[in-house]
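Letter by letter, the chains look like this.
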Protein chains: 2
Amino acid sequence: MTVYNIALIGFGGVNRALAELIATRNTLWERELGFRLNIVAVSDLYLGSVISPNGLDAKTLIDAKFTKGGFGQLSGGNAEADNETIIRTAPADIVVEATFTNPTDGEPAVSHCRWALASGKHVVTTNKGPVALAALELKALAEANGVRFEYEGSVMSGTPVIRMAAKTLAGAEVDGFEGILNGTSNFVLGRMESGLDFDTAVREAQELGYAEADPTADVEGFDVRLKVVILANELLGAQLKPDDVTCKGISQLSPSDIGDAAKTNSRWKLIGSASRGADGRVVGSVMPKQLPLEHPLAAVNGPTNAVSFNTKLLGSVTVTGPGAGRIETAYALLSDIVAIHTQSTSAIAKEAA
Amino acid sequence: MTVYNIALIGFGGVNRALAELIATRNTLWERELGFRLNIVAVSDLYLGSVISPNGLDAKTLIDAKFTKGGFGQLSGGNAEADNETIIRTAPADIVVEATFTNPTDGEPAVSHCRWALASGKHVVTTNKGPVALAALELKALAEANGVRFEYEGSVMSGTPVIRMAAKTLAGAEVDGFEGILNGTSNFVLGRMESGLDFDTAVREAQELGYAEADPTADVEGFDVRLKVVILANELLGAQLKPDDVTCKGISQLSPSDIGDAAKTNSRWKLIGSASRGADGRVVGSVMPKQLPLEHPLAAVNGPTNAVSFNTKLLGSVTVTGPGAGRIETAYALLSDIVAIHTQSTSAIAKEAA
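These numbers were taken from a predicted model, which means no experiment stands behind them.

A. Summary view of the domain arrangement of chain A. All names here are of chain A. Per the domain assignment, the segments making up chain A are domain 1 (2–158 + 327–352) and domain 2 (162–322). If you average the C-alpha positions of domain 1 and of domain 2, the two centres end up 29 Å apart. Note on domain 1 versus domain 2: buried area summed over both sides is about 1,500 Å², and carbon and sulfur give 64% of it. Here E234 makes a salt bridge to K139, at a shortest N to O gap of 3.3 Å. At the boundary of domain 1 with domain 2, the tally comes to 9 residue pairs in polar contact (both at pLDDT 80 or more). Counting residues per element, the side of domain 1 that touches domain 2 draws most heavily on helix α5 (residues 128–144), at 6 residues. Classifying every residue of the side of domain 1 that touches domain 2 by side-chain character gives 9 nonpolar, 4 polar and 6 charged.

See the structure below:
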């Protein structure tokens, strides 16, 4: 049986949810997946950092009501989040990066990933920043150090998109995609169809916890734009940067725009898409589009996300599922670890044969 | 660069489409996937059989207007389909089984698979028979002979379902699924919603080539039942046989049933499903169900298929795509070969490291 020692960088909703899964499911994973996870380090901007080579009890970590700098009270702890030391020196096989997304330069998460990969540690992350802004560099660094850089959760939380394309659509000749990649804006559009104006719908989304206090990144398409960059670079072999993708959000849609769509049996959706043109160039965009009701994405409602892959051999194949959620996003990290484990055990089995 | 020698068993629509892909895409595959396919044998009940150790030209095979027993005129040919000799003695790495589905005992396809696996040849197939009726035996035989038995195309043509669950949802704790798994019946239901009665809708499906002369297997749910058996055994670790799955088709739905559903914002769909109960037992069924319009499967129209995986960690994840089609089904065979290739090269790369 395999034990992976992991270091959690960031101890907000997602890594806390991963710790909850570890607390309740290690025995199940041992039986079904062939490994257990052992938390040997945690670092968090607010709580500080801690290294415990024998492992920290996941349940204790979740249940303790730490205050600012609280990790400092633990054996091996420090009231400061000393990320570089934690990442470079903790005896971790895998670094789990789940700090905040910086859409400008991806920092400090890009550095976290670099430190980990350069120290020969696998990285799994749900952070869009490093993937959208530095995937090429980080993948090369992983390759050079014989480890993996995995990031399924950077697009649709645990709903498989990147791995789905790589593992199940190879050779189908994907030449584009279109998706509903932001649950907040999709929820707002749905409420506008029920008669609310934009501002009221946003306020309702905020009250329900679907939208943040500053909803700009969600409703103006900036969040979707990062996801378009990730998918275009991953699925279409592009090298897009966020500025290469035209971006228009939903804040300019009026109740009468919404009503006009309904009259023509269609519906507004905020669509992130990219496709490879005849000249081989990949062009991406984010914009509200009026979809006929029979379009595969028209029925994707509320906080649900979906991506349709356009392929030469299969036509359109769509995957629909949650696009957010603590446990759903933590599952993405688990699925990355399963991928690392599967590759390494398949290689070992073959060596032994 | 790798060349896989393949033997095509059955030369109807699907294997002919695979030959078309080989004729047009070997160079692309060599570049993008790392292998070429070389047809070293073909066998067909009507055309006869042929072994050509250096390879048969795919384009010639497709273009030639062979008549009954026509393979007998080729060098190495025989006017009879000598399947056992072909499968056991052709110098093939992979046997591609695409003969007709026998829903009772899976023969002769089960024997084809047995002969191939016992001779140390991988098997890829789109044939529901061997998978629904003998998967456990055939997987064990493959394992014992160090080869693979792959069958993505047995459920939704090239739309990934089996491999999606295995490669992208491991650890998500799938405890059930429900799907629209037959395009013919789904098309018929759609036409009934437009006002046709059952018989007229079936006739239209036949004229469009969506339904066979005898539509029983499609509209009475027997085709879906085999797919429910395949998915329940694969995803839920069940050992169901077709008779274990209750089965009711759509032929008894009346125009007034259809109308009543519309009045309550719902829609009839023929749903194949299975789930694991609290006692661990897996129960499967095929039956028409009235789905509310906001249900993820309600918007799946015409010949399109879809499966929703119900998972503990992600909730519902749905994949939607073509459920039939010559090229789409041939792609499933390619995706099986990609999976065989990926596993073997990843192991070799690790060995060399």
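B. The arrangement of the pattern of salt bridges in detail. One pass over the structure, following the stated rule, counts 37 salt bridges over all chains. The residue E193 of chain A makes a salt bridge to R267 of chain A at a minimum N-O spacing of 3.2 Å. Residue E193 of chain A is located in helix α8 (residues 183–193), and its partner R267 of chain A is located in strand β10 (residues 266–276); the two are separated by 74 residues in the primary sequence. Owing to a relative accessible area of 37%, E193 of chain A belongs among the partly exposed residues under this scheme. One salt-bridge network, in which partners are shared between bridges, spans R148, E150, E152, R163 and D336 of chain B.

C. Seen up close, the relation of the copies chain A and chain B. Mapping chain A onto chain B is achieved by rotating through 180° and translating by 0.0 Å along the same axis, at an RMSD of 0.0 Å. The transformation just described matches what one would write down for a two-fold rotation axis. An overlap of 100% is found between the interface residues of chain A and their copies at the interface of chain B, pointing to a shared contact surface.

D. Region of the structure containing the UniProt feature "binding site: NADPH" (unreviewed entry) in chain A. Residues and elements named next belong to chain A. Under the UniProt annotation, "binding site: NADPH" (unreviewed entry) lies at T104 and K128. Spanning 25 residues, the annotated positions come together in the fold, the maximum distance between their C-alpha atoms being 10.9 Å. Relative to the helices and strands, T104 resides in the loop between β5 (94–97) and α4 (109–118). For T104, a relative accessible area of 67% puts it in the exposed group.

E. Spotlight on the interface of chain A and chain B. Contacts between chain A and chain B engage 39 residues on the former and 39 residues on the latter. Of the roughly 3,200 Å² buried between chain A and chain B on both sides combined, carbon and sulfur atoms contribute 65%. One salt bridge in this structure joins E173 of chain B and R25 of chain A, with 2.5 Å as the shortest N-O distance. Sorting the residues of the side of chain A that touches chain B by element identifies α1 (13–32), α7 (162–168), β13 (315–322) and α13 (326–352) of chain A as the ones contributing at least two each. Looking at which element gives the most residues to the side of chain A that touches chain B, the answer is α13 of chain A, with 10 residues. The class makeup of the residues in the side of chain A that touches chain B is 19 nonpolar, 11 polar and 9 charged. The sheet contact formed by β13 of chain A and strand β13 (residues 315–322) of chain B spans 3 bridges and is antiparallel. Bridge assignment links T318 of chain A to a residue of β13 of chain B, and that residue is T320 of chain B.

F. Examining the sheet that holds strand β12 (residues 304–311) of chain A more closely. Here 12 strands make up an open sheet; going across it, the order is β9(A)-β11(A)-β10(A)-β8(A)-β12(A)-β13(A)-β13(B)-β12(B)-β8(B)-β10(B)-β11(B)-β9(B) and the pairing mixed. For this open sheet the edge positions go to β9 (246–247) of chain A together with β9 (246–247) of chain B, each flanked by a neighbour on one side alone. Where β9 of chain A lies against strand β11 (residues 282–292) of chain A, 2 bridges are found, and the strand directions are parallel. Its bridge partner lying in β11 of chain A, T246 of chain A is registered against S285 of chain A. Each of β10 (266–276) and β11 (282–292) of chain B is contacted by helix α12 (residues 255–263) of chain B, which is oriented at about 90° to β10 of chain B, the strand it contacts most.

Cut-offs applied
Residues numbered from 1 in each chain as written. Chains lettered and ligands numbered in written order. Predicted model: local features only at pLDDT ≥ 70, side-chain atom pairs only at ≥ 80, totals over all residues. Heavy atoms only, no water. Domains from an automatic or database assignment. Buried area = accessible area lost by both parts, 1.4 Å probe. Salt bridge = Lys/Arg side-chain N within 4 Å of Asp/Glu carboxyl O. Polar contact = N/O pair within 3.5 Å; in protein donor to acceptor, adjacent residues only side chain to side chain. Helix = DSSP H or I, 4+ residues; strand = E, 2+ residues; numbered from the N terminus. Nonpolar A, V, L, I, M, F, W, Y, C, P; charged D, E, K, R; others polar. Buried < 20%, exposed > 50% of the residue type's maximum accessible area, 1.4 Å probe, protein only. Least-squares fit on C-alpha atoms with pLDDT ≥ 70 in both. Contact = heavy atoms within 4.5 Å. UniProt positions renumbered as here; feature names shortened; annotations may be inferred. Pairing = 2+ DSSP bridges. Axes fitted to C-alpha atoms, helices over the stretch in contact; angles between N-to-C directions.

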